[in-house]
Amino acid sequence: MMRSIKAFILSLMIALPVLTAQAVETGDSLSRALATYWGSSISLKDMPAGSLREFNRGLTEAVTAGTDSTRLAYFRGIDLGNRMRSSLDDMSELGMQIDVRTFADALVKVLSGENVGFTPTTAQTYIDRFVGPSNQTADPETEKAFVEAASKIEGATVTPSGLVFIVITEGEGAMPTRDQHVNIEYVARLSNGYVFDRTEGPVNFDLVHLIPGFSEGLQLMKPGGTYRLVIPSQIAYGDNPVGGVIPGGSALDFTVKLLSIDEN
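Residues numbered from 1 in each chain as written. Predicted model: local features only at pLDDT ≥ 70, side-chain atom pairs only at ≥ 80, totals over all residues. Heavy atoms only, no water.

1. Observations concerning the overall build of the protein chain
Okay, so step 1: Scanning the protein chain from terminus to terminus reveals nine helices and seven strands.
Okay, so step 2: Taking all 264 residues of the protein chain together, 26% fall into the buried category.
Okay, so step 3: Look at the contacts in the protein chain between residues 6 or more apart in sequence, and 64% of them connect residues 24 or more apart.
Okay, so step 4: Carbon and sulfur atoms provide 56% of the accessible area of the protein chain, an area that totals close to 17200 Å². (Helix = DSSP H or I, 4+ residues; strand = E, 2+ residues; numbered from the N terminus. Buried < 20%, exposed > 50% of the residue type's maximum accessible area, 1.4 Å probe, protein only. Contact = heavy atoms within 4.5 Å. Areas by Shrake-Rupley, 256 points an atom, 1.4 Å probe, with all protein chains shown as cover.)

2. Focus on the packing of aromatic side chains
Note on aromatic pairs: each is described by the distance of the centres and the angle between the planes.
Okay, so step 1: Scanning the model with the defined rule gives eight aromatic pairs in all.
Okay, so step 2: Geometrically, the ring pair formed by F165 and Y227 is stacked, given 5.3 Å between the ring centres and 25° between the ring planes. Note that F165 is positioned in strand β2 (residues 164-169) and Y227 in strand β6 (residues 226-231), a separation of 62 residues in sequence.
Okay, so step 3: Since its relative accessible area comes to 0%, Y227 is described here as buried.
Okay, so step 4: With a centroid separation of 6.2 Å and 85° between ring planes, the pair formed by F196 and F254 is classed as edge-to-face. One end of the pair, F196, is in strand β4 (residues 195-198); the other, F254, is in strand β7 (residues 252-261), with 58 residues separating them in the sequence. Take F196 and F254: they sit in the same class, and that class is buried.
Okay, so step 5: Site record: aromatic cluster; members linked through ring pairs are Y186, F196, F205, F214 and F254. (Phe/Tyr/Trp six-rings, centres within 6.5 Å; stacked < 30°, edge-to-face > 60°.)

3. Side note on the nonpolar core
Okay, so step 1: Judged by nonpolar contacts, the single largest core of 25 residues is most densely connected at F214, L218, L229, I231, L252, F254 and V256.
Okay, so step 2: Listed by contribution, the elements that provide at least two residues to this core are β3 (181-190), α9 (212-218), β6 and β7.
Okay, so step 3: Broken down by element, the residue count for this core peaks at five residues, all from β3.
Okay, so step 4: Setting aside residues no more than four positions away along its own chain, V256 makes contact with I184, E185, Y186, F214, L218, M221, G225, T226, Y227 and L229.
Okay, so step 5: A150, V164, I166 and A251 belong to the second-largest nonpolar core, a separate cluster that totals seven residues. (Core = buried A, V, L, I, M, F, W, Y, C linked by side-chain atoms within 4.5 Å.)

4. As for the side chain of Q180
Okay, so step 1: Looking at where Q180 falls in the secondary structure, it is placed in the loop between β2 and β3.
Okay, so step 2: Separated by 2.9 Å, the side chain of Q180 and the backbone nitrogen of T177 make a polar contact. (Polar contact = N/O pair within 3.5 Å; in protein donor to acceptor, adjacent residues only side chain to side chain.)

5. Quick look at helix α8 (residues 140-151)
Since there are 3.6 residues in each turn of an α-helix, residues three or four apart along the chain are aligned in direction.
Okay, so step 1: Over its twelve residues, α8 extends 17 Å from the first C-alpha to the last, a length consistent with the 16 Å expected when each residue adds 1.5 Å.
Okay, so step 2: Along α8, the residues that are buried comprise E143, F146, V147 and A150. End-on view of α8: buried residues confined to an arc of 95°, all on one side of the axis.
Okay, so step 3: Of the surrounding elements, those touching the buried residues of α8 are β2, β6 and β7. (Expected span 1.5 Å × (residues − 1). Arc of directions from axis to C-beta.)

6. Regarding the pairing of β3
Okay, so step 1: Of all ten residues in β3, seven are buried, a share of seventy percent or more.
Okay, so step 2: As judged from the four bridges shared by β3 and strand β5 (residues 203-206), these two strands associate in the antiparallel manner. Considered in β5, the bridge of H181 is made with D206.
Okay, so step 3: In this structure, β3 lies alongside β7, joined through nine bridges in antiparallel fashion. Within β7, the position partnered with N183 by the bridge is S260.
Okay, so step 4: Of the strand pairs in this sheet, β3 and β4 are connected by three bridges, and their pairing is antiparallel. (Pairing = 2+ DSSP bridges.)

So far we have only geometry, and geometry alone does not tell us how the molecule works.
The following block contains the structure:
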């Protein structure tokens, strides 16, 4: 998560007196500064060889779409499609067989008001057969063994509450306090590896209103770092099942990247 845009713009305004009059009038300096700042945060390490040109073409077209409603709608569809594809890939990793072409064709029909054989209610009932845990109570011994195994990983730290804290990549700077907001990305799993939640881009959280183990773990992190939190049920949701997705008594396994801490 990039630092506060307001703070960044303010820092540029402070520097404006040293800019030339032409630069201030045209906005060239601000445009190049923003491009440098945002561009430096984009990772292209996973970009397939030879595809940078197409990436740059798509990026440029999206940025310069302006107020053209047709082009904006197209890029909005691309963005949503990419998010859906990520979820479909996760489901495929869990062994569910999904034909992406059939999915895409059916999705277009649904958005056009056509019937593809399900109502929202019957679709949810059918999906529930494949998605999410079938048991609403986790096995205590299994969850205990999972937390104990995580605690034995090299470099793992176990706090007095029972939280297992593992540094994947250490960040830099001050750690957040409980009264602050943080910007993070994360993947959340159950002990069996089932991904029950993941972010699609940065999200902002108030540490006060998180489950105890997650709040505690975030306060041990430094901006820019990536960490793993294995949270026993007693500092997660306890014996309460959550949303038909998290069985009661579940230990939770988070991989978290702390992007930034909001200023108070």
